[in-house]
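Here are the chains, one letter per residue:
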Amino acid sequence: MTRVDLQIAKSACSECPIRHRAVCATCEPEELARLSDMKSYRSWRAGETILLEGADLPFVGSIVRGCATLTRSMEDGRVQMVGLLMPSDFVGRHDRDTAAYEVVAATDVTFCLFKRGDFRTMLAETPHVMERMLQMSLDELDAARDWMILLGRKTAREKVATLLANILRRAASAGHPLRAELPLTRDAMASYLGLTIETVSRQMTSLRKEGLIEMQGHRGISCADLPALLTAAGDDEDGLPLA
């Protein structure tokens with residue numbers, strides 16, 4: 001573990017940086033104590049595989065720090081990235097024995113993990129935590145439907161702007177307004193969006209020249225006018241932060 005990971009591991013659940021956005025958001029103190037007794041932390045380096053598609057699923061849990069990708073493999077060997085997991089996102093299903101997707105660390109990433117069986121028992125005994133899981137699942141379904149529109153109807157410019165806006169909105173909700181570290185390379189962004197790397201680079205350059213984004217170093221990105229970037233993405237200017 002890094003020093004940051006050790007600080008997270010030693011802290012109480014009430015001090016967790018994702019406490020009010022994760023599955024434990026509605027937990028009472030005694031329920032937090034129960035989760036604390038069953039939790040463990042584990043970190044993976046960027047590029048490492050966290051779960052293999054179809055493999056046994058021994059744990060479920062939330063991302064505390066970093067970002068991971070969800071991918072599915074097709075019979076002919078092609079691989080499609082189908083989702084990004086960012087802090088507070090939940091990984092795994094308590095009611096499934098195997099992983100539905102391959103999960104790979106896009107950056108160095110730390111998870112708060114629960115043994116799947118113990119967590120399933122707690123859900124059965126704690127209805128409002130199960131309700132929180134349902135709410136998060138419905139939010140994930142809404143996000144998947146939005147992504148279908150992006151892939152099927154949006155232009156290349158709108159696709160790139162949407163991805164950048166989503167990353168910035170999530171970073172803002174974590175306390176870093178309008179600035180983020182891009183968790184994906186441009187090649188990975190191209191795969192995720194169904195574009196070529198040249199198209200992604202061209203659209204990012206265009207957005208930068210128009211003043212909608214500013215690049216800071218190799219991966220840093222900031223935005224002085226998020227509503228304008230949302231407009232470029234084809235979304236409402238008053239779009240709410242992602243849950």
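Check the entry above for the structure.
Residues numbered from 1 in each chain as written. Predicted model: local features only at pLDDT ≥ 70, side-chain atom pairs only at ≥ 80, totals over all residues. Heavy atoms only, no water.

A. Highlighting the packing of aromatic side chains. Within the structure shown, the criterion is met by four aromatic pairs. For the ring pair Phe 114 and Phe 119, a centre distance of 5.4 Å and an interplane angle of 15° mean the geometry is stacked. Joined through ring pairs, the aromatic side chains of Trp 44, Phe 59 and Phe 111 make up one cluster. (Phe/Tyr/Trp six-rings, centres within 6.5 Å; stacked < 30°, edge-to-face > 60°.)

B. Seen up close, the nonpolar core. Counting residues in each nonpolar core, the largest one holds 35 residues, and the members touching the most others are Val 160, Leu 163, Leu 164, Leu 207 and Leu 229. Secondary structure elements with two or more residues in this core: strand E5 (79-85), helix H4 (127-153), helix H5 (156-173), helix H6 (186-193), helix H7 (197-209) and helix H8 (226-232). Among the elements that make up this core, the one with the highest residue count is H5 (eight residues). Not counting the four nearest positions on each side in its chain, Leu 229 is found in contact with Ala 161, Leu 164, Ala 165, Leu 168, Leu 212, Ile 213 and Cys 223. Counting residues in each nonpolar core, the second largest holds 22 residues, with Cys 13, Cys 24, Phe 90 and Met 136 among its members. (Core = buried A, V, L, I, M, F, W, Y, C linked by side-chain atoms within 4.5 Å. Buried < 20%, exposed > 50% of the residue type's maximum accessible area, 1.4 Å probe, protein only. Helix = DSSP H or I, 4+ residues; strand = E, 2+ residues; numbered from the N terminus. Contact = heavy atoms within 4.5 Å.)

C. Structural view of the packing of helix H2 (residues 29-38) against helix H3 (residues 116-125). Interaxial distance between H2 and H3 falls to 11 Å at its minimum, and their mutual angle equals 165°. In terms of their interaxial angle, H2 and H3 are classed as roughly antiparallel. The handedness of the crossing between H2 and H3 comes out as right-handed. In contact with Glu 31, Arg 34, Leu 35 and Met 38 of H2, H3 contributes Asp 118, Phe 119, Thr 121, Met 122 and Glu 125. Split into classes, the residues belonging to the contact of H2 with H3 amount to four nonpolar, one polar and four charged. (Axes fitted to C-alpha atoms, helices over the stretch in contact; angles between N-to-C directions. Parallel < 35°, antiparallel > 145°, perpendicular 65-115°, else oblique. Left-handed = near helix turned anticlockwise from the far one by under 90°. Nonpolar A, V, L, I, M, F, W, Y, C, P; charged D, E, K, R; others polar.)

D. Geometry of the state of the cysteines. With the rule as written, the count across this model stands at zero disulfides. In this structure Cys 16 is a free cysteine whose sulfur lies 6.2 Å from that of Cys 24, the closest cysteine sulfur available. Here Cys 16 falls in the buried class, since its relative accessible area comes to 16%. (Disulfide = S-S within 2.5 Å.)

E. Region of the structure containing a nonpolar patch on the surface. Together, Leu 134, Leu 138 and Leu 141 give the surface a local cluster of nonpolar side chains, amounting to about 270 Å² of exposed area. Tracing the chain through its elements places Leu 138 in helix H4. (Patch = residues over 30% accessible without salt bridge, like charges linked within 9 Å, V, L, I, M, F, W, Y side chains within 5 Å. Areas by Shrake-Rupley, 256 points an atom, 1.4 Å probe, with all protein chains shown as cover. Salt bridge = Lys/Arg side-chain N within 4 Å of Asp/Glu carboxyl O.)

F. Structural context of the environment of Ser 206. Considering the arrangement of structural elements, one finds Ser 206 in helix H7. Classification of Ser 206 by relative accessible area gives partly exposed; the value is 25%. C-alpha separation for the pair Ser 206 and Arg 157, spaced 49 residues apart in sequence, amounts to 8.7 Å.

G. The arrangement of the sheet that holds strand E6 (residues 90-91) in detail. Taking strand neighbours across the sheet as the criterion, the four strands line up as E1-E8-E3-E6 in an open arrangement whose pairing is antiparallel. The sheet is open, and its two borders are formed by strand E1 (39-44) and E6, each paired with just one other strand. Of the pairings in the sheet, the one linking strand E3 (residues 59-65) to E6 comprises two bridges and is antiparallel in character. Bridged to Gly 61 within E6 is Val 91. (Pairing = 2+ DSSP bridges.)

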